[in-house]
Amino acid sequence: IIAQPMTYELIDQAVQAFANIRAEFPVNAEATKQTSDLITAIAVEARRLSQGENEDTGLQLVEKGLSHFNDNPELLTVQASLVRQREERIAAELALIKASMGRIAVRVALFS
């Protein structure tokens, strides 16, 4: 499941599958490892989606992951990084806009 591109539906399906495995086999180490792999896959995909000024897309995927894995340190770190990345990009864009704005003074002299 995790080898496929991450989607909200895929995340939900994987979480449900791992929950079912844990319900049937409470000490299943493979389900624990797969859950960890899923969290890493969400983090990697969120970073990939956030390239090229698309931080919000990545943040939405992270938030979906956090809806299942509350307070997960890996997802929280990615979330903070993407928020910081977006803030820095917006600040740079605003600085560029501000730098490109100026005043033009035109003095016109009329000669008769």
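The following paragraphs examine the structure supplied in this document. Every value quoted in this text rests on a predicted model; they were computed, and no experiment measured them.

Next up on the list: the overall build of the protein chain. Scanning the protein chain from terminus to terminus reveals four helices and zero strands. The helix and strand sequence of the protein chain, counted from the amino end, reads α-α-α-α. The C-alpha radius of gyration of the protein chain comes to 23 Å, more than 25% above the 13 Å expected for a compact globule of 112 residues. Considered along the principal axes of its C-alpha atoms, the protein chain spans approximately 100 × 20 × 15 Å. Of all 112 residues assigned to the protein chain, the portion counted as buried reaches 27%. Expressed as a percentage of contacts within the protein chain between residues at least 6 apart in sequence, the contacts between residues at least 24 apart total 56%. Summed over its atoms, the accessible surface of the protein chain is roughly 8000 Å², and 56% of this surface lies on carbon and sulfur atoms.

Next up on the list: helix α3 (residues 55-68). Taking 1.5 Å per residue as the helical rise, α3 with its 14 residues ought to reach 20 Å, and the 21 Å between its terminal C-alpha atoms agrees with that figure. Taken together, the buried positions of α3 are E55, G58, L59, L61, V62, G65 and L66. Down the axis of α3, the sector holding all buried residues measures 160°, keeping them to one side. In this structure, the buried side of α3 is in contact with α1 (8-24), α2 (29-49) and α4 (73-100).

A word on the pattern of salt bridges. Scanning the model with the defined rule gives six salt bridges in all. A salt bridge links R48 to E45; its shortest N-O distance comes to 2.7 Å. Here the residue R48 and the residue E45 both occupy positions in helix α2, the gap between them amounting to three residues, near one helical turn. Residues E93 and R89 are paired through a salt bridge, measuring 3.0 Å at the closest nitrogen-oxygen approach. One end of the pair is E93 and the other is R89, both in helix α4 and four residues apart, which spans about a single turn.

A separate point is the packing of α2 against α3. Viewed as axis vectors pointing N to C, α2 and α3 meet at an angle of 165°, and their least axial separation amounts to 7 Å. Comparing the axis directions of α2 and α3 gives the class roughly antiparallel. Where α2 crosses over α3, the two elements pack in a sense that is right-handed. Between α2 and α3, the residues in contact are I42, E45, A46 and L49 and T57, G58, L61, V62 and G65, respectively.

For E53, which is not glycine, the phi torsion reads 65° and is therefore positive. Inspection of the secondary structure puts E53 in the loop between α2 and α3. Residue classification places E53 among the exposed residues on the basis of a relative accessible area of 51%.

Cut-offs used in this document
- Residues numbered from 1 in each chain as written.
- Predicted model: local features only at pLDDT ≥ 70, side-chain atom pairs only at ≥ 80, totals over all residues.
- Heavy atoms only, no water.
- Helix = DSSP H or I, 4+ residues; strand = E, 2+ residues; numbered from the N terminus.
- Rg over C-alpha atoms; globule rule 2.2 N^0.38 Å.
- Buried < 20%, exposed > 50% of the residue type's maximum accessible area, 1.4 Å probe, protein only.
- Contact = heavy atoms within 4.5 Å.
- Areas by Shrake-Rupley, 256 points an atom, 1.4 Å probe, with all protein chains shown as cover.
- Expected span 1.5 Å × (residues − 1).
- Arc of directions from axis to C-beta.
- Salt bridge = Lys/Arg side-chain N within 4 Å of Asp/Glu carboxyl O.
- Axes fitted to C-alpha atoms, helices over the stretch in contact; angles between N-to-C directions.
- Parallel < 35°, antiparallel > 145°, perpendicular 65-115°, else oblique.
- Left-handed = near helix turned anticlockwise from the far one by under 90°.

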